[in-house]
Amino acid sequence: MASGTSVLIVDDAQCFRRVARELLERRGYTVVGEADSAATALALAECLAPDAVLMDVLLPDCNGFALSAALTGCSQPPAVLLVTAEPDLGSYALIEQSGARGLVAKQALAATDLSSFWPAP
């Protein structure tokens, strides 16, 4: 595996995954996989064991809060950062209960210091 913090991107929108991959790779992160659903994300997280997960709150088969709780409940949990196009979807209580490290609006992701949520690459 390549060096750097490994990241799994989970979003049902291919265009967002492409933009997120480019942003993360430019910042030195290693994108190890992409998933468009919770089921795929769980399978990939199990086999890839990423250090971090960038995850949309709204997925076709599950919400990101529930998926985050499942991922962060593992023995070696990844650091989950939730993203959303609708920032008023999440509350601090939901974020905390999900085990995620935070929630960022998709439109603010490029300006976000990811090292405050994840290990630095």
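Scroll up to find the structure this text is about.
Not measured: the values here are computed from a predicted model.

Criteria and cut-off values
Residues numbered from 1 in each chain as written. Predicted model: local features only at pLDDT ≥ 70, side-chain atom pairs only at ≥ 80, totals over all residues. Heavy atoms only, no water. Helix = DSSP H or I, 4+ residues; strand = E, 2+ residues; numbered from the N terminus. Rg over C-alpha atoms; globule rule 2.2 N^0.38 Å. Buried < 20%, exposed > 50% of the residue type's maximum accessible area, 1.4 Å probe, protein only. Contact = heavy atoms within 4.5 Å. Areas by Shrake-Rupley, 256 points an atom, 1.4 Å probe, with all protein chains shown as cover. Disulfide = S-S within 2.5 Å. Expected span 1.5 Å × (residues − 1). Axes fitted to C-alpha atoms, helices over the stretch in contact; angles between N-to-C directions. Parallel < 35°, antiparallel > 145°, perpendicular 65-115°, else oblique. Left-handed = near helix turned anticlockwise from the far one by under 90°.

Caption draft 1: Structural context of the overall build of the chain. Across its full length, the chain carries four helices and five strands. When the helices and strands of the chain are read in sequence order from the N terminus, they spell out β-α-β-α-β-α-β-α-β. Its C-alpha atoms give the chain a radius of gyration of 13 Å, within 12% of the compact-globule value 14 Å for 121 residues. Taken along the three principal axes of its C-alpha coordinates, the chain extends 35 × 30 × 25 Å. Counting across all 121 residues of the chain, residues that qualify as buried make up 45%. Of the contacts made within the chain by residues no fewer than 6 positions apart, 66% connect residues no fewer than 24 positions apart. For the chain, the accessible surface area stands at approximately 6,100 Å², while carbon and sulfur atoms represent 52% of it.

Caption draft 2: Expanded view of unusual backbone geometry. Phi at Ala-49 takes a positive value of approximately 45 degrees, unusual for a residue other than glycine. Locating Ala-49 in the fold gives a position in the loop between α2 (38-48) and β3 (52-56).

Caption draft 3: Representation of the state of the cysteines. Summed over the entire model, instances satisfying the criterion amount to zero disulfides. Unpaired in this structure, Cys-62 has its nearest cysteine sulfur neighbour in Cys-74, at a distance of 13 Å. Here Cys-74 is not cross-linked by a disulfide; its sulfur's nearest cysteine counterpart is in Cys-47, at 13 Å.

Caption draft 4: Representation of helix α1 (residues 14-26). For α1, built from 13 residues, the straight-helix expectation of 18 Å at 1.5 Å per residue is met to within 8% by its first-to-last C-alpha distance of 18 Å. Buried-residue contacts for α1 involve β1 (6-10), β2 (30-35), β3 and β4 (79-84). Looking one or two residues past α1, Gly-28 carries a phi angle of roughly 95 degrees, positive in sign.

Caption draft 5: A look at the environment of Ala-66. Looking at where Ala-66 falls in the secondary structure, it is placed in helix α3 (residues 64-72). For the pair formed by Ala-66 and Gly-99, sequence separation is 33 residues and the distance between their alpha carbons is 9.4 Å.

Caption draft 6: Layout of the packing of α2 against α3. Two elements in contact, α2 and α3, have axes separated by 11 Å at closest approach and are oriented at 15 degrees. When the axis of α2 is compared with that of α3, the two are roughly parallel. In this structure, α2 crosses over α3, and the sense of that crossing is right-handed. Here Ala-38, Ala-41, Leu-42 and Ala-45 of α2 come into contact with α3, specifically with Leu-67, Ala-70 and Leu-71.

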